[in-house]
Amino acid sequence: MKILNRTISPAERPYIIAEVSANHSGELSRALDLVAAAADAGASAVKFQTYTADTMTIECDRPEFRINNPASLWNGRALYDLYDEAHTPWDWHADLFEEARRRGIHAFSSAFDESAVDFLETLDPPCYKVASFEHTYIPLLEKVAKTQKPLMVSCGLASMDEIQKSVQTLTAAGSGPLCLLACTSSYPASVADSNLRRIPALMEAFPACRVGLSDHTIGNTVAIAAVALGACVFEKHFKMSDDDTSVDAAFSVTPEELRDYVRAINDAWDALGEANFGAASATEAESLQFRRSIYVVADVREGETFTRDNIRCIRPGHGLHTEHFASVLGKRAKRTLERGTPLSLDLVLS
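Residues numbered from 1 in each chain as written. Predicted model: local features only at pLDDT ≥ 70, side-chain atom pairs only at ≥ 80, totals over all residues. Heavy atoms only, no water.

## Observations regarding the sheet that holds strand β5 (residues 106-111)
- Spatially, 8 strands are ordered β3-β4-β5-β6-β7-β8-β9-β10 in a closed barrel, and the strand pairing comes out parallel. On average, adjacent strands in this sheet sit at an angle of 25 degrees to one another, irrespective of strand direction.
- With 5 bridges joining them, strand β3 (residues 15-19) and strand β10 (residues 233-237) adopt parallel strand pairing. Residue Ile 17 lies in a different strand from β10, and its bridge partner there is Glu 235.
- Taken strand by strand, helix α6 (residues 138-145) contacts β5, β6 (128-130) and β7 (151-154), and its axis lies near 170 degrees from that of β6. (Pairing = 2+ DSSP bridges. Helix = DSSP H or I, 4+ residues; strand = E, 2+ residues; numbered from the N terminus. Axes fitted to C-alpha atoms, helices over the stretch in contact; angles between N-to-C directions. Contact = heavy atoms within 4.5 Å.)

Here is the structure:
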């Protein structure tokens, strides 16, 4: 899988997406500032959401069109009103994509219906994302697949059967390369509900797909663990530092926290290294000198017998390998040796 100049693979540095979502608070200037902040934090890409209230739902007073969950950040909100507040105006997209290009960062969006795909294609995004709640929206999957661009699909709420059906639908429609994002569709999500073992399970079930994490948890812990399990794409919602009121602010990181998130993921990936044993780096090789080896620990006269009292296996490691210790005991010195001399075979009478 490749997005512009970036190869997406567990063997490559992770691809980290800064998700703007609704955190622009309805201000284009703030959305542009978020693009700049994502680039400054070291994110690989900045992502938006392309929908309107009318493409998401209808304005309706029936109770199922209102969030009724005391644990939800949006309890009591009508779906139409929430989406109307949260959406990113479509006429902003061109300016946002251009700002991302100027800042040297990728820009793309989650398309929430077929009309969003048609619109986004006019901006030629390098890839697409489908959100968890649209995972089972088959007409959307078929539409975005036909662009043949790389596609990320969040798997929050989805059963394995649903994921298999989605992948089959996308493949049959000629989709470009796929990345499946493990996701917990809670806002915020708890660390304990992350179920990161889904990552290797997805990698095994869909070997042709890349696997990543859409992360709604607070902090870096889950992402660090996900790196170790093979995730190569990460998505995190972020906001400006002074934002406590936008729709998604409660589970979004600040630019400073995003920078720390990027650093933590990259550090975790660096830590994976290779399955090399021994002194695997020049730095580590410097420590070889502090292994134990055979040293003279008391002055020894020429012809004197080596005993446990005058030779020992001690640090540093400049003397004879410790495997020779038993065979040297009882043999005699070729010449006088001072205390602290590293023993070598040419100092031992055979």
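## Things to note about the packing of aromatic side chains
- All chains considered together, the criterion is met by 7 aromatic pairs.
- For the ring pair Trp 74 and Tyr 187, a centre distance of 5.7 Å and an interplane angle of 50 degrees mean the geometry is tilted. Note that Trp 74 is positioned in the loop between α2 (53-56) and α3 (79-86) and Tyr 187 in the loop between β8 (178-183) and α8 (198-205), a separation of 113 residues in sequence.
- An angle of 80 degrees between the planes, with centres 6.3 Å apart, marks the rings of Trp 74 and Phe 251 as edge-to-face. Of this pair, Trp 74 sits in the loop between α2 and α3 while Phe 251 sits in the loop between β10 and α10 (255-272), and the two are 177 residues apart along the sequence. Taken individually, Trp 74 and Phe 251 each receive the classification buried, so the pair is uniform in this respect. (Phe/Tyr/Trp six-rings, centres within 6.5 Å; stacked < 30°, edge-to-face > 60°. Buried < 20%, exposed > 50% of the residue type's maximum accessible area, 1.4 Å probe, protein only.)

## As for the packing of helix α5 (residues 114-121) against α6
- With their axes 9 Å apart at the nearest point, α5 and α6 run at an angle of 20 degrees to one another. By the angle class used here, α5 and α6 are roughly parallel. α6 is crossed by α5, and the crossing has right-handed handedness. Residues Glu 114, Val 117 and Asp 118 of α5 form the contact with α6, whose own contacting residues are Pro 139, Leu 140, Lys 143 and Val 144. (Parallel < 35°, antiparallel > 145°, perpendicular 65-115°, else oblique. Left-handed = near helix turned anticlockwise from the far one by under 90°.)

## What to know about the nonpolar core
- Ranked by internal contacts, the top residues of the largest apolar core, which has 60 residues, are Val 46, Leu 180, Phe 234 and Phe 238.
- Each residue touching Phe 238, except ones within four places of it in the same chain, is listed here: Ala 18, Glu 19, Val 20, Asn 23, Leu 34, Ala 37, Ala 38, Ser 252, Val 253 and Leu 258. (Core = buried A, V, L, I, M, F, W, Y, C linked by side-chain atoms within 4.5 Å.)

## Remarks on the pattern of salt bridges
- Using the criterion set out here, one finds 18 salt bridges in the structure.
- For Lys 239, the salt bridge goes to Asp 244, with nearest N and O atoms at 3.9 Å.
- Overall, the relative accessible area of 10% leaves Lys 239 in the buried class.
- For Arg 301, the salt bridge goes to Glu 304, with nearest N and O atoms at 3.9 Å.
- What makes Arg 301 exposed here is its relative accessible area of 59%.
- In the salt-bridge network here, residues are joined through shared partners; they are Glu 19, Lys 47, Lys 129 and Glu 235. (Salt bridge = Lys/Arg side-chain N within 4 Å of Asp/Glu carboxyl O.)

## Description of the environment of Ala 41
- Tracing the backbone shows Ala 41 in the loop between α1 (28-40) and β4 (45-50).
- By relative accessible area, which is 4% here, Ala 41 ends up buried.
- Along the backbone, Ala 41 and Thr 254 are 213 residues apart, and their C-alpha atoms lie at a distance of 9.9 Å.
- In contact with Ala 41, not counting residues within four places along its chain, are Pro 255, Leu 258, Arg 259 and Val 262.

## Section: the environment of Leu 140
- Looking at the secondary structure, you find Leu 140 in helix α6.
- You can call Leu 140 buried: its relative accessible area is 0%.
- Counting along the chain gives 15 residues from Leu 140 to Pro 125, while the straight-line C-alpha distance between them is 17 Å.

## Quick word on the side chain of Ser 132
- Structurally, the position occupied by Ser 132 is in the loop between β6 and α6.
- Non-local contacts of Ser 132, meaning those with residues more than four positions away in its chain, are made with Ser 154, Cys 155, Gly 156, Cys 183 and Ser 185.

## Structural notes on unusual backbone geometry
- Residue Tyr 187 is joined to Pro 188 through a cis peptide bond whose omega torsion reads 0 degrees.
- Inspection of the secondary structure puts Pro 188 in the loop between β8 and α8.
- Going from Arg 315 to Pro 316, the amide bond is cis rather than trans, its omega being 5 degrees.
- Position of Pro 316 relative to the elements: it lies in the loop between β12 (311-314) and α12 (325-328).
- With a phi angle near 45 degrees, Ser 21 is a residue other than glycine that sits in the positive phi range.
- If you trace the backbone, Ser 21 turns up in the loop between β3 and α1.
- Since its relative accessible area comes to 1%, Ser 21 is described here as buried.
- Unusually for a residue other than glycine, Asp 124 sits at a positive phi of about 50 degrees.
- Tracing the sequence through the fold places Asp 124 in the loop between α5 and β6.

Spatial relationships are all this shows, so hold off on functional conclusions.
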